Each structure stands twice: as structure tokens, then as C-alpha cells.
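# Coordinate analysis (summary)
Listed below, chain by chain, are the residues.
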Amino acid sequence: MADVLPEAFLRAVAEGFPSDFLTREPGELQEYGRDWTRVYAPAPSAVAFPRTTDEVARLLALCNQHRVPVVPSGGRTGLAAGAVAPRGELVLSLRRMNRMDPVDLLGNSVRVQAGAVTEAVHHHCAEHGLTWPVDFASKGSSQVGGNIATNAGGVKVIRYGLTRQWVLGLQVVTAQGQVLELNGALEKNNTGADLRQLFIGSEGTLGVITEATLKLAPLPGRQDVFLFAVPDVAAVLNLFREARRAPLVLSAYEFFTDKCLARVQRHRKLRSPFEAPSGCYVLMEAEGKDPSEVENWLGSLFERGLVTDGTLAQGASQASELWALREGISESLSATGLPHKNDVSLPVANLEAFCSELDAVFSARYPGWEIALFGHIGDGNLHINIMKPDDMEKAEFLTHTKKADPTMFELVRKHGGSISAEHGIGLLKKDYLPFSRSPAELEMLRTLKRALDPNNILNPGKILDV
């Protein structure tokens, strides 16, 4: 798409906003016009950097008046092309809006601007023995607004749930430039439909989140971090059944295959704690109740052949090293090859049957290809990465995977799952949304979009077409 910014719009921005508010510098356009998908070429017309909600409101009012399409942008760590600007849109970066207010120690909450980095929020609250328990590998660059807009998941969902469960209130700017204050810092507010939930997970298509009041939890007690070696995915699930009955409180239950470990070792030069290779690995973090009970339980895993090897981190440094093997996977896959990523979820009870049938799909569709699986088994979330063969051109590879995706998504639907567990729909999965949403649901989503954004300026083309 050609430049979509009318001269009248540009004059209004120049007259009404600071001189450093808008940039059209080519390097900035490339940087802020993309996310982690790297499938669509970024082609924004400009990038805006507001500092306040008022600036966002006035900008969106202008964009609505002049029909300028807007792509809200946070840390751009998504994997569904939800923050890509491929058709001349104006990127609205929340980077400068990173204020964090003092922690409310009575209400166990904190209000922050949407551009606050997730890890910075963690540090801000940890000083008071509290945390915002939304946690994932990209926490060092992801932003709160993006987390909320995508209802981000991560590695602690098994214990704390999704992002939407840790948002008390939102400040949202509509497409027309209206500022909405939704729910404030209230735990209870039984006054009709919860409008706050409309914007959580809507990927910036219904409004732009500018501030949020976050619900906090006490920092957990001492956490033990284990890494186990098991032969296959079936063994991963068997161990999970045992962990559910163990004398501990699970905070995370992650798994990855030998293919993932090899890529991490190649890219990050990390070492495995095990001498012998294994088909799969389980990283488990848990709060033990009785050390002797936990020790007895661990011993029984080896006695019953449920694991082939295992290690318990001795201190925070070793725990970080074990977590690095899991958290470095996404970066390492992209750095050492071209992955075709799918982020699906299943009812935990259906995971074993799904994974068994998935093997047949791989054998038929990708004979001899490298398949790298990892995910949050504890909440039914699998990350399926098909790696491009070295001797295949990118275009041919994408054609193959695009043709094969419906087969996989049909299997997801058969087992009552979702085609997107935590990265959203964006552009990448828009065509496949009917695998997870009924025609009636899709029409209701379109009705919401038309009502809140009648001129279709907010992240147009993402999730669904109207």
C-alpha cells in the first residue's frame, strides 16, 4: 500500500504534537513495523511515539477523521503478525508510556502505563514482596499493554492463569478518541457487562490500551526447579499425571524435545546437564511442602522408570541455567533456521490422543523434516515448529506449510482445542479462525468491531475481515 497519510493529517500532527512525536526515518519504520513473525515485510508510513493518554486520544481522533489506519505496537514479541504494519499503516508505539505508579500495599495492585516492560513491573513490585504473575521468555522486552491486548499466557498459567485474571482496570482509547476508564481498582463491580474484557485479547482491533491497574500476588516461597529426561511425549504426559499428585504445588510444567535442545545449544552455547541424550525433557518448577516427602517422591520416579535422568537445581544460579534451556528455544529456532510456528491448545485430558494422531500428520505431510515441539503441558499449550529444510527455498516451504495447516487444525478441532493458545490470530491465523469459532461467534465479533470501530482504522485486517 502506498503512503496513506494525507497532507492535512500531517499538518495537524505537526501543529498539535511535539516535534519528536512522529518519525518517518526508514530504520525506525523497519524496526517498529514488524513483530517476531518475520513473515510479512514491514511497510508503515510513519511511527508515532505518544507520552500520554491525551496524546493517544487526540491522535486517534485525527486518524479516524482522516481514515488513517493504525497499528498499536508494544514490545512486538508476538508470533501471529498482530503487530505488523504491512500496508502503509501508522504505527502507534507505546514505548514512551512506561510510567509505573507506587504499589498499593493495601489493595495489592499497581497502576502502570501500557508501555511498561513486564520484567520492570516484576522488579517494581518485588521490592514489596509482591509480583504480577504474568511470566514468559520475552518478559524483558514485552510490554504490559501488549500482554493485555493478546491475553498473554506464558510459563506460570498452570498456577496463576492467563493475563486477564490479573487485570483489575483498564484505561482505553476508542477509535474516535474517547477515553474510557473501566473498573478502576475494583475487585467487585457487578454493574452489568464487564467492558474491560472486550479489550483484553482483542489485539488492538477495538481500542488502544494506555494504562492498566494490575492485580498483584505475594511472591511465592522457595521454588525448586527440576529438569527430567524422558523418552517421548507419552512419558511427558505420564510424568505430568504423577506431578499432579505429588506433595508440591506446581508453578510450571514445561517440556521440549531433543530437537529444541540441540538448537538452543547451537545458538546459545549452553550445556545439557545430562550425559546421555533423550527424546524429551521436562522442566518443572514447584513449591515443595515437605522436603522429605518431595525427596521420596523423586526417588519413586526413578524406581518406577518414569524418568531416565533428572537434576534438581542447587540454588538460583543453577535454576536460571535450567530455565535458560527452555526460555531460549523460540529465539534459538529463529536464529538457526526458519520455523513455521503453530501455537495450539487442547484440553489437558485430550493431549495424549492429540499428540499420537499428530505424529501421523507429521509423517504424511513432512516426511524427513525436523519438527521441534515444546510447550506448557500443564495448561494444554503446544508450540509446534516445522523447520525449513536447508535445501528448500522459503517460498516453497511456506507453500507446503500453508497447505498442511488445515489438516493440523482439523485435528485440533476434533479434540476440542484452539488454533491459538496465547499468541492470538493477527494476520497469520485469520483464515483458520473458523476452526475454533462458530459462524455465529464470528458474526458477533464482526458486529463488535463495526460498532466500536466503524471506520475500521484500528489494526485493520487482523483477526477477521469486516
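Residues numbered from 1 in each chain as written. Predicted model: local features only at pLDDT ≥ 70, side-chain atom pairs only at ≥ 80, totals over all residues. Heavy atoms only, no water.

## Quick notes on the overall build of the protein chain
Here is the rule: Numbering of helices and strands runs from the N terminus; a helix is a DSSP stretch of H or I covering at least four residues, while a strand is a stretch of E covering at least two. Taken over C-alpha atoms, the radius of gyration is set against a globule rule of 2.2 Å times the number of residues to the power 0.38. Accessibility here uses a 1.4 Å probe with only protein chains present; expressed as a share of the type maximum, an area under 20% marks a residue as buried, one over 50% as exposed, and anything in between as partly exposed. The contact definition used throughout considers only heavy atoms, calling two residues in contact when any of these lie within 4.5 Å. Here the accessible surface of atoms and residues is derived via Shrake-Rupley with a 1.4 Å probe, and residues count as covered only by protein chains that are part of the display. When charges are counted, Lys and Arg contribute as positive and Asp and Glu as negative, whereas His and the chain ends are disregarded. Lys charges are placed at NZ, Arg charges at CZ, Asp charges at CG and Glu charges at CD.
The helix and strand inventory of the protein chain stands at 15 helices and 17 strands. Here the protein chain has a C-alpha radius of gyration of 23 Å; the compact-globule value for 466 residues is 23 Å, and the two agree. Reported as C-alpha extents along the three principal axes, the dimensions of the protein chain are approximately 75 × 55 × 45 Å. Counting across all 466 residues of the protein chain, residues that qualify as buried make up 55%. Restricting the contact set of the protein chain to residue pairs at least 6 apart, pairs at least 24 apart contribute 74%. Of the roughly 19700 Å² of accessible surface on the protein chain, a fraction of 52% belongs to carbon and sulfur atoms. Between the centroid of the 48 positive side chains of the protein chain and the centroid of its 55 negative side chains there is a distance of 4 Å.

## Observations regarding the side chain of His-340
With respect to the helices and strands, His-340 occurs in strand 15 (residues 339-345). Given a relative accessible area of 14%, His-340 falls into the buried group. Setting aside its immediate chain neighbours within four residues, His-340 contacts Ile-384, Asn-385, Ile-386, Phe-397, Thr-401 and Asp-405.

## So, the packing of helix 13 (residues 351-365) against helix 14 (residues 394-414)
The condition that has to hold: Helix axes are fitted to C-alpha atoms over the stretch in contact, other axes to C-alpha atoms as well, and angles between N-to-C directions run from 0 to 180 degrees. Put simply, angles under 35 degrees are roughly parallel, angles over 145 are roughly antiparallel, angles from 65 to 115 are roughly perpendicular, and the rest are oblique. The crossing is said to be left-handed when, going from far helix to near helix, the turn is anticlockwise and less than a right angle, and right-handed when the turn is clockwise.
The geometry of helix 13 relative to helix 14 is characterised by a closest axis approach of 11 Å and an angle of 165° between their N-to-C directions. The angle between helix 13 and helix 14 places the two elements in the roughly antiparallel class. The handedness of the crossing between helix 13 and helix 14 is right-handed. Of the residues in helix 14, those touching helix 13 at Phe-354, Glu-357, Leu-358, Val-361, Phe-362 and Arg-365 are Lys-403, Ala-404, Thr-407, Met-408, Leu-411, Val-412 and Lys-414.

## Section: the packing of aromatic side chains
Threshold: Only centres within 6.5 Å qualify two rings of Phe, Tyr or Trp (six-membered ring in Trp) as a pair; their planes then separate them into stacked at under 30 degrees, edge-to-face at over 60, and tilted for everything else. Whether a charge sits over a ring depends on NZ of Lys or CZ of Arg being within 6 Å of the ring centre and within 35 degrees of the ring normal.
A full pass over the atoms with the stated rule returns 13 aromatic pairs. Measuring from centroid to centroid gives 6.0 Å for Phe-409 and Phe-435, while their planes differ by 55°, and the two rings are tilted. You can see Phe-409 sitting in helix 14 and its partner Phe-435 sitting in the loop between helix 14 and helix 15 (439-452), a full 26 residues away along the chain. Considered together, Phe-409 and Phe-435 belong to a single accessibility category, that of buried residues. One aromatic cluster in this structure is built from Phe-362, Tyr-366, Trp-369 and Phe-397. The positively charged end of Arg-58 is found above the aromatic ring belonging to Phe-17, 4.4 Å away from the centroid.

## A word on the environment of Asn-151
Quick note on the threshold: Whenever a nitrogen or oxygen atom comes within 3.5 Å of another N or O atom, the pair is scored as a polar contact, on the condition that within protein one atom can donate a hydrogen and the other can accept it, and that pairs from neighbouring residues in sequence are kept only if both atoms are in side chains.
The topology assignment puts Asn-151 in the loop between helix 5 (144-149) and helix 6 (157-160). Here Asn-151 falls in the buried class, since its relative accessible area comes to 11%. Contact partners of Asn-151, with chain neighbours within four places excluded, come to Leu-162, Thr-163, Arg-164, Ile-200 and Gly-201. Looking at Asn-151, its side chain comes within polar contact range of the main-chain nitrogen of Arg-164, at 3.0 Å.

## Overview of helix 13
In plain terms, the rule: Here, expected helix span is obtained from the residue count minus one, scaled by 1.5 Å. Taking the helix axis as origin, the arc is that swept by the directions to the C-beta atoms.
Relative to the 21 Å expected for 15 residues at 1.5 Å per residue, helix 13 spans 20 Å between its end C-alpha atoms, a close match to the ideal helical length. Taken as a whole, helix 13 has its buried residues at Leu-351, Phe-354, Cys-355, Leu-358, Val-361 and Phe-362. Viewed end-on, helix 13 has its buried residues packed into an arc of 110°, placing them on one side of the element. The exposed set on the far side of helix 13, more than 90 degrees from its buried face, consists of Ser-363 and Ala-364.

## A closer look at the pattern of salt bridges
Note the cut-off: Throughout this description, the term salt bridge denotes a Lys or Arg side-chain nitrogen within 4 Å of a carboxyl oxygen of Asp or Glu.
For the structure on display, the rule yields 30 salt bridges. Among the salt bridges present, the one from Asp-20 reaches Arg-51, with a minimum N-O distance of 2.8 Å. In this pair, Asp-20 is assigned in the loop between helix 1 (7-16) and strand 1 (22-23) and Arg-51 in the loop between strand 2 (46-48) and helix 3 (53-66), connecting sequence segments 31 residues apart. Because the salt bridges share partners, they merge into one network encompassing Arg-99, Asp-101, Arg-111, Glu-181 and Glu-211.

## Describing the pairing of strand 11 (residues 224-230)
The side chains of a regular strand alternate between the sheet's two faces. As a reminder of what qualifies: Each pair of strands is called paired provided DSSP finds at least two bridges between the two strands.
When you tally the buried positions in strand 11, you get seven out of seven residues, the bulk of the element. Where strand 11 lies against strand 13 (residues 280-288), seven bridges are found, and the strand directions are antiparallel. Within strand 13, the position partnered with Val-225 by the bridge is Glu-285. Across four bridges, the pairing between strand 11 and strand 14 (residues 309-312) is antiparallel. What sits directly across from Phe-228, in strand 14, is Gly-310.

## Some points on a negative patch on the surface
Operational definition: Two joining distances apply to patches: 9 Å for like charges and 5 Å for nonpolar side chains (Val, Leu, Ile, Met, Phe, Trp, Tyr), and every residue must have over 30% relative accessible area and no salt bridge.
Together, Asp-390, Asp-391, Glu-393 and Glu-396 line one region of the surface with negative charge. With respect to the helices and strands, Glu-396 occurs in helix 14. By relative accessible area, which is 42% here, Glu-396 ends up partly exposed.

## Re the pairing of strand 17 (residues 381-387)
When you tally the buried positions in strand 17, you get seven out of seven residues, the bulk of the element. Of the two faces of strand 17, the one lined by Asn-381, His-383, Asn-385 and Met-387 and the one lined by Leu-382, Ile-384 and Ile-386 are each fully buried. Looking at chain direction, strand 15 and strand 17 are connected through seven bridges and run antiparallel. By the bridge assignment for strand 17, Val-344 is matched with Leu-382. Taken together, the six bridges between strand 16 (residues 371-376) and strand 17 define a ladder with antiparallel strand orientation. Across the sheet, residue His-376 finds its bridge partner in strand 17, namely Asn-381. Hairpin geometry of strand 16 and strand 17 is characterised by an intervening segment of four residues between the two adjacent antiparallel strands and by a positive phi of about 80° at Gly-380.

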